[in-house]
Amino acid sequence: MPVAAATVAAGLATGPGSRVTRFAKSTAASVTPVRPGKTHTLSPLDNAMERHTVHLVLYYRAAPGLGRDKLKESLSEVLSLYPAMTGRLTRGGGGGEGEGGESGGAGRGWVVKCNDAGVRMVDARGAATLDEWLATASGDEEMDLVYYEPMGAEPYIWSPFYIQLTEFADKSYALGLSCTHIHNDPTAAALFFHAWAAAHRRDISPYPPFLHAPAFAVSPASPAPPPPLLPLKSSTSSPATDAAAMSSATFHFPASAVRELLSSLEPGTTPFAALAALFWLRVAADAAGGERELTIALDFRKRMHAPLPTGYYGSAVHLTRARADLASGLPAVAAALDRHVAGVTEDELWAAVEWLHARQQGGGEPFQMYGPELTCMALDHVPMYGAEFEAGAPPARVACRVGGAAGEGLVIVLPAAEGGEARDVVVTLPAEATARVCGDGEVLRYGAKVVFGPKVAKEA
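Residue positions are given per chain, counting from 1 as you read along its sequence in written order. Given that this is a predicted model, residues contribute local features only at a pLDDT of at least 70 and side-chain atom pairs are listed and counted only at 80 or more, while totals for whole chains, interfaces and linings are drawn from all residues. Side-chain measures here rest on the full set of heavy atoms in the structure, leaving out hydrogens and waters.

Here we take up the packing of aromatic side chains. The rule is short: rings of Phe, Tyr and Trp, with Trp giving its six-membered ring, pair when the centres are within 6.5 Å, and they are stacked under 30 degrees, edge-to-face over 60, tilted in between. Considering all chains together, one arrives at 17 aromatic pairs under this definition. Here F192 and F193 contribute two aromatic rings whose centre-to-centre distance is 6.0 Å and whose plane-to-plane angle is 65 degrees, an arrangement assigned as edge-to-face. In this pair, the class of F192 matches that of F193, namely buried. When the centroid spacing of 6.1 Å and the interplanar angle of 75 degrees are considered together, the rings of F253 and F279 count as edge-to-face. With F253 in strand 9 (residues 246–253) and F279 in helix 8 (residues 271–283), this pair connects stretches of sequence that are 26 residues apart. Side by side, F253 and F279 carry an identical accessibility label, which is buried. Placement of a positive charge over a ring is assigned whenever Lys NZ or Arg CZ falls within 6 Å of the ring centre and within 35 degrees of the normal to the ring plane. Lying across the ring of W110, R91 places its NZ or CZ 3.7 Å from the centre. Sitting over the face of the ring of F23, R125 holds its NZ or CZ atom 4.1 Å from the ring centroid. Relative accessibility under 20% of the residue-type maximum defines a buried residue, over 50% an exposed one, and the middle range a partly exposed one, all with a 1.4 Å probe and only protein chains included. Each helix corresponds to a stretch of at least 4 residues labelled H or I by DSSP, and each strand to a stretch of at least 2 residues labelled E; elements are numbered beginning at the N terminus.

Quick look at the structure:
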């Protein structure tokens, strides 16, 4: 094998015993060129997420119109709607025409140079049928369905987006997207699949991309009152548990299980608060009782006085900290979370944005946003199962992870394939905590099922 080919093959390799084989890497470009000089300035919220990545996997059953070549063709078409995805990062201050006509400069923040450089595409095969994979894969093995290369010393030649097409033995597909969080949050990444699927069907997405850099622009005269959470996080030392020691698992709660859980709680409790409280209590089961704090990650697109379009491109994640007495029991803890979420105001969001802007202008280094304390993210409102590449054929399953959430871990509440009250919960915790929660009777008593458990559990 030539040296160049061997180097590429080594970079695409998966772990020992993996059932996924990556065999090619290429670049996917848009079919419509971007006008010269176009840039997209990233917001303070975007820049704050530099230490994190977003990973989504959508599984699709075999269909006549779902093939590797056709998927690549529709991908090139949809990329014409996303000029920032095919661009490259550079530091602000370089000029150029930005979104909305603003200057391309962004102080010390990142700016996307929309230069049609394309996104990286990886081709792969899975040595199992889709049903075999869904029944037997571990949470860690699922990450073989996405590919990502960290930013190197030359960001202007680095692709922030990676898409992996994995064909299973029965011609089903897993479509994996990985990107830096400074470009997209999980909501924006999920809605990209809507646009891609619509392009594949020769249709129009109900959530067109909204690339509007001034959405979170801060006036230079704006004060920067310190919000309660972010200054504390910025001064927190690195977690004792690094990313390599973390492990993931997915819990499926059918609608009947969620209804049974809600029936034991106060009337009006939301599924998110119920599941967040349940996992908070079980993850902290060995800790001392009493009042504790939980960081909650909220999508703020529709919580603003002038709501952003659902298809807003970028990060609209706001981190807020709730308090509850864990000794008061599940109903009281869930009610406390619901009250806190309902009481989060837009002023709190803007205080965070202004503080992040001032810190960015002062040359502050990125810090860990997800963690090191336990964080729970609400994504169960995102229409993840509406991305139909073939009309009437939604994804069989959607998986979502956020990279860089080391420490106590991250709990993500997602919609489930059957819709309605059903939910999936993805946990990324220290390995021993993941194994413990997967066997926790309190978590499983309502009818939940571990569908992508830790690898050690699969091999036991």
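For the purposes of this section, nonpolar cores are sets of buried Ala, Val, Leu, Ile, Met, Phe, Trp, Tyr and Cys residues that join through side-chain atoms within 4.5 Å. The biggest cluster of nonpolar side chains holds 130 residues, and the ones touching the most others in it are F192, W196, F216, F251, F253 and Y370. In terms of residue count, helix 8 provides more of this core than any other element does, 11 residues in total. Contact between two residues is taken to exist if any of their heavy atoms lie within 4.5 Å; hydrogens are not considered. Excluding anything up to four places from it in sequence, F251 contacts F279, R423, D424, V425, V427, V437, C438, V443, L444, K449 and V450. A124, L130, V146 and A399 belong to the second largest nonpolar core, which has 15 residues in total.

Attention now moves to unusual backbone geometry. Along the chain, G371 connects to P372 via a cis peptide bond; the corresponding omega equals 5 degrees. As for its placement among the helices and strands, P372 is situated in the loop between helix 10 (346–361) and strand 12 (375–378). Although it is not a glycine, K171 sits at a positive phi angle of roughly 75 degrees. By the element assignment, K171 lies in the loop between strand 7 (161–167) and strand 8 (173–180). Even without being glycine, R202 reaches a positive phi, approximately 60 degrees. Looking at the element boundaries, R202 is found in the loop between helix 5 (186–200) and helix 6 (230–234). Taking relative accessible area as the criterion, R202 reaches 59% and is therefore assigned exposed.

Per-residue confidence for the chain gives a mean pLDDT of 90; residues scoring 70 or more make up 90%. Contacts for the low-pLDDT stretch residues 1–8, under 50 throughout, to residues beyond four places or in other chains number two contacts. For every residue, the predictor states its confidence as a pLDDT score lying anywhere from 0 to 100. The low-confidence segment residues 456–460, where pLDDT is below 50, has six contacts with residues more than four positions distant or belonging to other chains.

Taken together, six strands build an open sheet; the order of strands is 1-6-7-8-3-13 and the sheet is mixed. Strands with a single pairing partner mark the edges of an open sheet, and in this sheet they are strand 1 (20–28) and strand 13 (397–403). Strand-to-strand twist of the sheet, defined as the mean angle between neighbouring strand axes without regard to direction, takes the value 15 degrees. Bridging between strand 1 and strand 6 (residues 119–126) involves eight bridges; their strand directions are antiparallel. Looking across to strand 6, one finds that K25 is bridged to V122. In this description, a line fitted to the C-alpha atoms serves as the axis of each element, helices being fitted only across the stretch in contact, and the angle between N-to-C directions of two axes falls anywhere from 0 to 180 degrees. Helix 3 (residues 68–78) contacts strand 1, strand 6, strand 7 and strand 8 of the sheet and is inclined by roughly 160 degrees relative to strand 6. Contacting strand 3 (53–60), strand 7, strand 8 and strand 13, helix 5 runs over the sheet at an angle of about 35 degrees to strand 3. Strand pairing is defined by DSSP finding a minimum of two bridges between the two strands.

Attention now goes to the environment of L45. Within the secondary structure, L45 sits in helix 2 (residues 44–48). Here L45 falls in the buried class, since its relative accessible area comes to 3%. As for L45 and D299, which are separated by 254 residues in sequence, their C-alpha atoms are 12 Å apart. Ignoring anything within four residues of it in the chain, the contact list for L45 reads F216, S315, A316, V317, L349, V353 and L356.

Note on definitions: salt bridges are taken to be side-chain nitrogens of Lys or Arg within 4 Å of carboxyl oxygens of Asp or Glu. A complete count under the given rule lists 24 salt bridges for this structure. Among the ionic pairs, E73 bridges to R202, the shortest N-O distance being 3.3 Å. Placement of E73 in helix 3 and of R202 in the loop between helix 5 and helix 6 is noted, with a sequence separation of 129 residues between them. On the basis of relative accessibility, which here comes to 43%, the residue E73 falls in the partly exposed class. Note that E77 is salt-bridged to R202, the shortest N-O span being 2.7 Å. Of this pair, E77 sits in helix 3 while R202 sits in the loop between helix 5 and helix 6, placing them 125 residues apart in sequence. Taking relative accessible area as the criterion, E77 reaches 23% and is therefore assigned partly exposed. Each of the salt bridges in this network shares a partner with another, and the network as a whole consists of K233, E291, E293, R321, R323 and E373.

On to the sheet that holds strand 4 (residues 88–91), then. Strand order in the open sheet formed by three strands is 2-5-4, with antiparallel pairing between adjacent strands. In the strand order of this sheet, the two ends are held by strand 2 (39–41) and strand 4, each with one partner. Within the sheet, the average angular offset between the axes of one strand and its neighbour, ignoring direction, is 35 degrees. Alignment of strand 4 against strand 5 (residues 110–113), held across four bridges, turns out to be antiparallel. Pairing of L89 across the sheet is with V112, part of strand 5.

Along the polypeptide, R436 turns up in helix 11 (residues 431–438). Separated by 120 residues in the primary sequence, R436 and A316 place their C-alpha atoms 33 Å from one another. Filtering out sequence-adjacent residues up to four positions away, R436 remains in contact with R282, V283, A285 and D286.

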